[in-house]
Amino acid sequence: MEQIILNILDALKRGETVDDTALVRLVHAQAKRAGGDKRAFAKRRLLPYYQRVKREDPERWRSWGVTPELERGLLRVLRMKPRRSASGVATITVITKPWPCASDCRYCPCDVRMPKSYLHGEPACARAEQNWFDPYLQVATRLTALAQMGHATDKIELIILGGTWSDYPRAYQIWFVTELFRALNDDAISGVAANPMLAAPGEDPGAVLASATDVPAGVARRRERYRALGIPRDEDELHALTADMQAQVSRHVRSYNEAVRELYGPHSAYARLALEQTGTLEELERVQRENEHARHRVVGLVVETRPDAITPEALTLIRRLGATKVQMGIQSTDQAILDANRRSIPVARIAEAFSWLRAFGFKIHAHAMVNLLGATPASDRADYRRLVEDPAFMPDEVKLYPCALIEGTRLGDDFARGTWAPYRNEELVAVLRDDVLATPAFCRISRMIRDFSTRDIKAGNKHPNLRQLVEAGIEADGDASRAVREIRFREVGTAEVPLDELKLETCAYTTANTRERFLQWVLPDGRIAGFLRLSLPDATFIAAHADALPIGAGEAMIREVHVYGMATNVGEEGRAAQHQGLGRRLVERACELARAAGYERINVISAVGTREYYRALGFSDRGLYQQKELS
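Residues numbered from 1 in each chain as written. Predicted model: local features only at pLDDT ≥ 70, side-chain atom pairs only at ≥ 80, totals over all residues. Heavy atoms only, no water.

**Some thoughts on the overall build of the protein**
The number of helices and strands found in the protein is 25 helices and 16 strands. In terms of overall dimensions, the protein is globule-like: its C-alpha atoms have a radius of gyration of 25 Å, near the 25 Å expected for 631 residues. Dimensions of the protein, computed from C-alpha atoms along their principal axes, come out at roughly 70 × 65 × 55 Å. With 631 residues in all, the protein has 56% of them scored as buried. Here the contacts in the protein between residues at least 6 apart in sequence split such that 73% fall between residues at least 24 apart. Accessible area for the protein stands at about 26400 Å²; split by element, carbon and sulfur atoms hold 50% of it. Positive and negative side-chain charges of the protein, numbering 88 and 84 respectively, have mean locations separated by a distance of 2 Å. (Helix = DSSP H or I, 4+ residues; strand = E, 2+ residues; numbered from the N terminus. Rg over C-alpha atoms; globule rule 2.2 N^0.38 Å. Buried < 20%, exposed > 50% of the residue type's maximum accessible area, 1.4 Å probe, protein only. Contact = heavy atoms within 4.5 Å. Areas by Shrake-Rupley, 256 points an atom, 1.4 Å probe, with all protein chains shown as cover. Lys, Arg positive; Asp, Glu negative; His and termini not counted. Charge placed at Lys NZ, Arg CZ, Asp CG, Glu CD.)

**Considerations on the packing of helix α17 (residues 377-389) against helix α19 (residues 425-438)**
α19 packs onto α17 with a crossing angle of 20° between their chain directions and a minimal axis gap of 10 Å. In terms of orientation, α17 lies roughly parallel with respect to α19. Judged by the sense of rotation from one axis to the other, the crossing of α17 with α19 is right-handed. Seen from α17, the contacting residues are P377, D380, R381, Y384, R385, V388 and E389; seen from α19, they are E427, A430, V431, D434, D435 and A438. Grouping the amino acids of the contact of α17 with α19 by side-chain chemistry returns six nonpolar, no polar and seven charged. (Axes fitted to C-alpha atoms, helices over the stretch in contact; angles between N-to-C directions. Parallel < 35°, antiparallel > 145°, perpendicular 65-115°, else oblique. Left-handed = near helix turned anticlockwise from the far one by under 90°. Nonpolar A, V, L, I, M, F, W, Y, C, P; charged D, E, K, R; others polar.)

**Some words on the sheet that holds strand β16 (residues 625-629)**
The strand order β10-β11-β12-β13-β14-β16-β15 describes an open sheet built from seven strands, whose pairing is mixed. Two strands bound the open sheet, and with one partner strand each, they are β10 (503-510) and β15 (620-622). When strand polarity is set aside, the average angle formed by the axes of neighbouring strands in this sheet is 30°. Pairing geometry for strand β11 (residues 514-522) and strand β12 (residues 528-537), over nine bridges, is antiparallel. Note on β12: the bridge partner recorded for Q520 is F531. Along the sheet face, helix α16 (residues 347-360) touches β11, β12, β13 (555-563) and β16 and points at about 85° away from the line of β13. (Pairing = 2+ DSSP bridges.)

**Concerning the environment of K54**
Looking at the element boundaries, K54 is found in helix α3 (residues 43-56). Here the side chain of K54 touches E71 through a polar contact of 2.9 Å, side chain to side chain. (Polar contact = N/O pair within 3.5 Å; in protein donor to acceptor, adjacent residues only side chain to side chain.)

**Comments concerning the sheet that holds strand β4 (residues 325-331)**
Reading across from one edge, β1-β2-β3-β4-β5-β6-β8 is the order of the seven strands in this open sheet, with parallel pairing throughout. Lying at the two open borders of the sheet, with one neighbouring strand each, are β1 (90-95) and β8 (444-447). Averaged over all adjacent pairs, the angle separating strand axes in this sheet is 25°, with direction ignored. Relative to strand β5 (residues 363-370), β4 is paired through six bridges, and the arrangement is parallel. Counted as the bridge partner of K325 is K363 from β5. Helix α7 (residues 135-148) rests against β1 and β2 (155-161) of the sheet, and its axis sits at about 150° to β1.

**What to know about the packing of aromatic side chains**
One pass over the structure, following the stated rule, counts 17 aromatic pairs. With centroids separated by 5.1 Å and ring planes inclined at 10°, the aromatic side chains of W132 and Y226 adopt a geometry described as stacked. Placement of W132 in the loop between α6 (123-130) and α7 and of Y226 in helix α9 (residues 217-229) is noted, with a sequence separation of 94 residues between them. Accessibility assignment for this pair places W132 and Y226 in one class, buried. In textbook terms, an aromatic cluster arises when at least three aromatic residues are bridged by ring pairs, as seen for W99, W165, Y168, Y172, W175 and F176. (Phe/Tyr/Trp six-rings, centres within 6.5 Å; stacked < 30°, edge-to-face > 60°.)

**Details of the pattern of salt bridges**
Enumeration according to the criterion identifies 56 salt bridges in this entry. Note that E16 is salt-bridged to R14, the shortest N-O span being 2.8 Å. Residue E16 is classed as partly exposed on the basis of its relative accessible area of 39%. What makes R14 exposed here is its relative accessible area of 55%. Between R342 and D104 there is a salt bridge, and its shortest N-O distance comes to 3.3 Å. Taken together, the residues R342 in the loop between α15 (335-340) and α16 and D104 in the loop between β1 and α6 connect sequence positions 238 residues apart. Exposure remark for D104: the relative accessible area of 28% places this residue in the partly exposed category. Here the salt bridges do not stand alone but share partners, grouping E179, R182, R222, E283, R286 and E290 into one network. (Salt bridge = Lys/Arg side-chain N within 4 Å of Asp/Glu carboxyl O.)

**Quick notes on the packing of α19 against helix α20 (residues 466-476)**
In the contact formed by α19 and α20, the axes pass within 9 Å of each other and the chain directions differ by 65°. Comparing their axes, α20 and α19 come out roughly perpendicular. Helix-helix and strand crossings are classified by hand; for α19 and α20 the assignment is right-handed. Seen from α19, the contacting residues are L428, V429, L432, R433 and V436; seen from α20, they are L466, L469, V470 and I474.

**What to know about the pairing of β12**
Here β12 lies mainly inside the structure; 10 of its 10 residues are buried. Linkage of β11 to β12, two consecutive antiparallel strands, is achieved through a turn of five residues, within which G526 is found at a positive phi near 95°. Bridging between β12 and β13 involves six bridges; their strand directions are antiparallel. Across the sheet, residue L532 finds its bridge partner in β13, namely V561.

**Structural notes on α17**
Along its 13 residues, α17 runs 18 Å from first to last C-alpha, staying within 8% of the 18 Å computed at 1.5 Å per residue. Along α17, the residues that are buried comprise D380, D383, Y384, L387 and V388. Down the axis of α17, the buried set is contained in an arc of 120°. They therefore lie on one face. Elements that come into contact with the buried residues of α17 comprise β4, α16, β5, β6 (397-402), α19 and β8. (Expected span 1.5 Å × (residues − 1). Arc of directions from axis to C-beta.)

**Examining the environment of Y384**
Considering the arrangement of structural elements, one finds Y384 in helix α17. The exposure class assigned to Y384 is buried, which follows from its relative accessible area of 3%. On a C-alpha basis, the gap between Y384 and L400 in space is 9.3 Å, while along the polypeptide they are 16 residues apart.

This is how it looks when you write it as structure tokens:
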């Protein structure tokens, strides 16, 4: 591996471009010279090897003559999955423990090893189970992996998934988030030598784990606690514990809630553990203050819930936890479709949830599904247009995915009777294509599939590259491609941005209780380099709900500021859009618009790790937000 590193460095010194194709040639050539298995020189092993030599054998590393500029080039070559931080932020997804759910939707998976709607084979779920659903350990595992793949980890978005957040006990919610912050503050990254990616082909990854001294103390201590309680994480043990109960749930002999209460109830080791999983707001606020200056700062925190769980009281706690975005399972805005799928939430209640979320300043990430029981391609198109165009809804972001049949769900009965069937692939792609084209400029479709494995899907889409199929069809049609306004399709990603070509545009739209201004930096070809969401709340709505809202009359709200570019560490210079003052200029323009509209103050729903940034822009801490006078 050393020779491959040296060859890459030599090529970079000569000014050559080393892309993935060139790297593959270098790897194959070295494998041929060494007469070994080319998998031993795989890209995923090169960066951990480089990091280990730099850390453990500095004399050898210095002999390579790696300048700071060369190292930046080398890391660009070796970085795994660069899109993971192409938005300028590294994302860490964590999963809460199994817990009863207040809904019983026909399509929803009921894996008793997981929170409702999740499967233990999904990547984030598998990581959570291997870490006993402990928030600290989940962050430590992911932080280590991101660092060892070459991603900057100073700006972190935490995404908490697991069904309905507000269904969990208040003390558990506080404890869970506190531990997320604590792991980041502790810099809980395991030593480079502990990277299982260094295992040779066929070697047990555990064989290359370093000594306990390379594992952070907080990680070691928590692992030992779970082992002492006898809580399993071995696949065979977990299967033995849950197989019988899972079979009963899949046959509908028991409900998911009954199974979860029995498996994790009062007489289990999990119940003893639950007594320790409580937190206080005082401790949470302490670790939040520490995170303002930590090496890994939280620049976004997301929770997941249902519309009927959205109340001012719930949102006040969610905001105190540091959340800036709420994911919400909408699935459909057609009451008949919701009722047919046992998603018994009134559409009026969904609309109410949107209004509360927007008034509190949260970014709204809606989940929408196509191909539900009772839907048709035509009704799905109309349903999606209603979601993104009706002033009662109009989310900022959408997780749009097709319904799929997972074994053990009630949808299996409908499939057997012939009352539900998956769309043909060309039908599905056509529906999603039209949905992308219908998406307004202020909305981003974050993803189009769930992380279910193909073996878990009994009927429905099995193409993991569904989004690529949809976008390829759009790009093949020049007129359609030019018509796309959806954000993700237009993101500049890792590309350098010609600043002199950027233009600041404003997209104005009206919701049920606000006037919205979506400010975006765009290039002549429509690509987007950054944006800001400004809400101008309706004075009548604010007055009518004054006792429930944390904002007052005459206060505008910045709900999101985002500038794109590959994430780099705080203090490091970069040429991406996010390092050119574009965010500051967006905030200045938002203040001008709010002042011109007659607002006296402007709030920002800042994340814990961005408080210092906004203080530098003249904002001061005030209640749940940061605020600036506009006079």
